[in-house]
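The primary structure of each chain is shown beneath.
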Amino acid sequence: MISIRCARPHRLWEPMVKDLAAAYRAGSRVVLLVPEQYTLQAERDLLRDLSLPGFFRIDILSPSRLEYRVFNAFGSDGRARIDERGKAVALTRALQREKDRLQFYAGAQERPGFIKRMGQLLSTLKLLQIQPQDLLRAAGEAETAGENKPLWHKLRDTAMILEGYEELLAGRFADREDIALDMRARLAHGRMFEGTEVFVYGFDLLTEAFSQVLYIIAAQAKSLHISMVSDKAQAEDGDAFSGARQSVFHLMEGLKERHLEYQFQWYEAPHPRLPDDLAHLEKNLLSLNEMHYRDTPAHIRLYAGPTPYREVQRVAQLIMQEARRGVALDDMMLLCGSLPVYRGLIESTCQSYGIPCYVADKLTLSAHRVPRYLLAALRCAADGYRQEDVTEMIKSGLSPLTREEGWEIENYALRYGIRQRKWLVSFTRGQEEERVKAEALRLKLIKPVESLHRALARSVSAAESLAAVRAFLEESGVPRRAEALEKELDRAGLQKELIQLRQVFDQLDEMFEQMAALMGDERIPLKHFPLWLENGLSERELAALPPSAGHVQAGQLGNLLPHRPRVVFVLGLNDGILAAPEDGLLTQEETKEAE
C-alpha cells in the first residue's frame, strides 16, 4: 500500500504519528525517513508523542544515514569516494584543462559561485544519465533551428566540461551522483525494506534523486506513507506550494510508470490550535489577493525598527517579558530573513540580556579563521602580497604576530604605502626606532610564507605540495595557537565555536587527502593552488551540536524546523527577502528548450 497525504503546514504530524503508532503496535518494523537536519528533533518529537516506553522497532533515518545502512549491509564498489570538496577540485581542474576550447564559459572559473553552480548542473545531468554526446546533439539541434545562440555555446561548453570531469574520475573515483546510483542498485537488489512500513515526513520537495529511492522502497515495503506540506493550485496562496505540489505529482507519474498503485489525499483538517487572527494570517500571508482581517489582532505584533540592532534589542526585551509571563525559553523561536545580517547582533544582544540562545547555522569551512589564514598565505605566495591578503593574514589571529604587533605593522604599511612586492624588501621608511621594529615584524610575518613559496615552487607532486602546506602551518604555529584558542572558547562557554574549531583540522586533512588522490603524481601549480583549495573548502560546512534544553533557538527563515513553538519572532522581513532564488547556469527557458 502506498499512500500520499498532502496538507497545509502543521496538519500532518499528528495523523502521521497515529498511523506510525498503529503500525508499531501491530508488530511491524517501522522506518521514518526525515531530512538531514531533523533526525534528532524527530526522535525527541516521537518520544514525546508516541506514549511508548521505547521504540526498538522504529528506525529514524535521513537520506545519508540510509545510504550508510545500504553500503554497510550490501557493500560498495572499489572506487575512492570524493565529496563536494573533491568534486570542486576535479571540476576546477577540468575547467583548467578545457579552457582553450571553451567559448561561453572561458575564464568563468574565476567568477564567485561559478564552480558551485556548474557542479549543480553536472549533478543534474549525471542524475538524469545525460552524456556529453547527448548535450552535443542538443546543441546541434538548437543551432540547426537557428534560435537562442547562447544556448548552443552553453551546451557545447557543458559537454566538454562534463567529459573532462568524467575523464579525471575515470573509474577510480566516485562522486555523490555515482555513489547514489550505486546505492540505489544495491538497495533494489538487497530488498532491505521487505515487510517494513515506511513513513516519509518533513521534506520540502521530493527531488528526483530522492524520488528514485522512494520508487525502490515502494516496490519492496509492506506500506509507504508520504506526508507533504502542500495545497491545491486554486487555494488563495496556491502558488506558494507549486514546487512541492509539482514534485508530488511527478512522483505519482513515476509510480504509475512502474505500475505501483497508490492512494492520494488532500487532507483538509483545519489547524487544530490557531486563534482566528493567526489562522487568517496563515491562510492569506502569501495570497495574491489582499484579504483584510476585520477585528483587532490579539496574537500578532508588528515592529518597524530603524536598524537591525534596534530590532534585535526589541526582540530581547520581548523574550524577557514572555519568560516572566511563564513561557519557557525552549518554546520561543527567532527566525531571520537574512541570518548573516543578524547572527552577530543576536548573539551579542542575547548575551548582554542574559538570554541563553542557540543560533542554528553552519559556517562554511573556507570562512573559518584557519582556512582563511592558509588561503591568504597561499595567495601571497602565488600573487605577490596584495594588501587584502596581507590584512587577512594579520587579522586572522593565527599569524606569528600578536594582536598588538599586527596593529603596529598594519598601521606602518598603511602609513608608508607598503604593498605587493614591497613586503619582500627591507623597510626603509620612518624614524629609526619605528623602522627597525616594523622590519622585525615584517620578517616574522613573511618568513613562513616565503618558506611556503620556495617549497611549493620546487614540489614535483601533489604530495610534496601538500606537505609544504602542512609544514607552513607548523612553522606559523597555527596548531599551537588553535590549542590556546580552544581553551579560551571553552572558558568562555562558546561551545558551538569550540566544536567548529575542533573539526577544522580533520576537514583540512580530508581535503588534502582528496586533492592528493585526484592529482596523483602531478604537482599542484602554485598559481592555481589557492583557487583550487578555496573551491573545495567552500563546499563544506562546519556543523555544531543541537542546543541543550533551556535555550531560545534562532535561525534562517525556511531552514529551521519549528515544532509547536508558543512564541515566534521574525526579524528582517523586508521587501524582497522571500524572493525566488537566482537561476542556475541554464535559465528555466533554456532548460525547457534543451529538454
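Our subject is the structure that appears above.
Residues numbered from 1 in each chain as written. Predicted model: local features only at pLDDT ≥ 70, side-chain atom pairs only at ≥ 80, totals over all residues. Heavy atoms only, no water.

As a further point, take the overall build of the chain. Within the chain one finds 22 helices and 14 strands. In terms of C-alpha radius of gyration, the chain reaches 28 Å, essentially the compact-globule figure of 25 Å for 595 residues. Once the C-alpha set of the chain is aligned to its principal axes, its extents read approximately 80 × 65 × 50 Å. Considering only residue pairs separated by 6 or more positions, the chain has 76% of its internal contacts joining residues 24 or more positions apart. Carbon and sulfur atoms make up 50% of the accessible area of the chain, which amounts to about 30,700 Å² in all. (Helix = DSSP H or I, 4+ residues; strand = E, 2+ residues; numbered from the N terminus. Rg over C-alpha atoms; globule rule 2.2 N^0.38 Å. Contact = heavy atoms within 4.5 Å. Areas by Shrake-Rupley, 256 points an atom, 1.4 Å probe, with all protein chains shown as cover.)

Glancing now at helix α16 (residues 403-416). Here α16 contains 14 residues, and its C-alpha end-to-end distance of 20 Å stays within 8% of the 20 Å for a straight helix at 1.5 Å per residue. Listed as buried for α16 are E405, G406, I409, E410, Y412, A413 and Y416. The arc that holds the buried residues of α16, viewed along the axis, is 160°, so those residues lie on one side. Along α16, the residues that are exposed and aim more than 90 degrees away from the buried face are R403 and L414. Of the surrounding elements, those touching the buried residues of α16 are α15 (387-395) and α17 (432-458). Backbone geometry just after α16 places G417 at a positive phi near 65°. (Expected span 1.5 Å × (residues − 1). Buried < 20%, exposed > 50% of the residue type's maximum accessible area, 1.4 Å probe, protein only. Arc of directions from axis to C-beta.)

Applying the stated criterion across every chain, the model contains eleven aromatic pairs. Between the aromatic rings of W13 and Y201, the centroid separation amounts to 5.2 Å while the plane-to-plane angle is 65°, which identifies the pairing as edge-to-face. On the criterion of sequence distance, the pair formed by W13 in helix α1 (residues 13-25) and Y201 in the loop between β6 (197-200) and α9 (208-220) is long-range, its members being 188 residues apart. Taken as a pair, W13 and Y201 share a single burial class, namely buried. Each member of the aromatic cluster is reached from another via a ring pair, and the members are Y412, Y416, W423 and F427. (Phe/Tyr/Trp six-rings, centres within 6.5 Å; stacked < 30°, edge-to-face > 60°.)

The next thing to look at is the packing of helix α8 (residues 176-190) against α9. Look at α8 against α9: their axes get within 10 Å of each other, and the N-to-C directions meet at 5°. Relative to α9, the element α8 is oriented roughly parallel. Along its contact with α8, which presents M183, R184, L187 and A188, the element α9 presents A209, Q212, V213, I216, I217 and Q220. Considered class by class, the residues forming the contact of α8 with α9 number seven nonpolar, two polar and one charged. (Axes fitted to C-alpha atoms, helices over the stretch in contact; angles between N-to-C directions. Parallel < 35°, antiparallel > 145°, perpendicular 65-115°, else oblique. Nonpolar A, V, L, I, M, F, W, Y, C, P; charged D, E, K, R; others polar.)

Inspection of the secondary structure assignment puts E177 in helix α8. On the basis of relative accessibility, which here comes to 12%, the residue E177 falls in the buried class. The residues touching E177, leaving out its near neighbours within four places in the chain, are K87, S123, K126 and L127.

Moving on: the sheet that holds strand β2 (residues 30-33). Pairing is parallel in the open sheet, where six strands are placed in the order β3-β2-β6-β7-β1-β8. Every interior strand has two partners, whereas the edge strands, β3 (58-61) and β8 (263-266), have only one. With strand direction ignored, the average angle separating the axes of adjacent strands in the sheet is 15°. Against the sheet, helix α3 (residues 63-74) makes contact with β2 and β3, and its axis sits at roughly 115° relative to β3, the strand it touches most. (Pairing = 2+ DSSP bridges.)

The element strand β9 (residues 332-336) is largely enclosed, with a buried count of five among its five residues. Looking at chain direction, β9 and strand β14 (residues 567-571) are connected through five bridges and run parallel. Looking at the pairing, L334 lines up with F569 of β14. Of the strand pairs in this sheet, β9 and strand β13 (residues 552-556) are connected by four bridges, and their pairing is parallel. Directly across from M333, in β13, lies its bridge partner Q553.

What follows is about helix α4 (residues 84-98). In a regular helix each residue adds 1.5 Å, so 15 residues correspond to 21 Å; α4 covers 21 Å between its end C-alpha atoms and thus fits that length. For α4, the tally of buried residues reaches 13 of 15 residues, placing the bulk of the element in the interior.

Right, let's get into the pattern of salt bridges. Under the defined criterion, the tally for this structure stands at 41 salt bridges. Of the charged contacts, one joins D49 and R48 as a salt bridge, the two residues approaching to 2.9 Å between their closest N and O atoms. For D49, a relative accessible area of 22% corresponds to the partly exposed category. Through salt bridges with shared partners, a single network forms among D77, R79, K126, E166, D175 and D178. (Salt bridge = Lys/Arg side-chain N within 4 Å of Asp/Glu carboxyl O.)

The next point concerns the state of the cysteines. Per the stated rule, a full pass over the model turns up zero disulfides. The closest cysteine sulfur to the non-disulfide-bonded C336 is located on C357, 9.0 Å from its own sulfur. Residue C336 is classed as buried on the basis of its relative accessible area, which comes to 0%. Looking at the unpaired C350, the closest cysteine sulfur is the one in C357, lying at 4.0 Å. (Disulfide = S-S within 2.5 Å.)

A word on unusual backbone geometry. Positive phi, close to 55°, is recorded for R191, a residue that is not glycine. Positionally, R191 belongs in the loop between α8 and β6. Unusually for a residue other than glycine, Y385 sits at a positive phi of about 60°. Judged by relative accessible area, which is 1%, Y385 ranks as buried.

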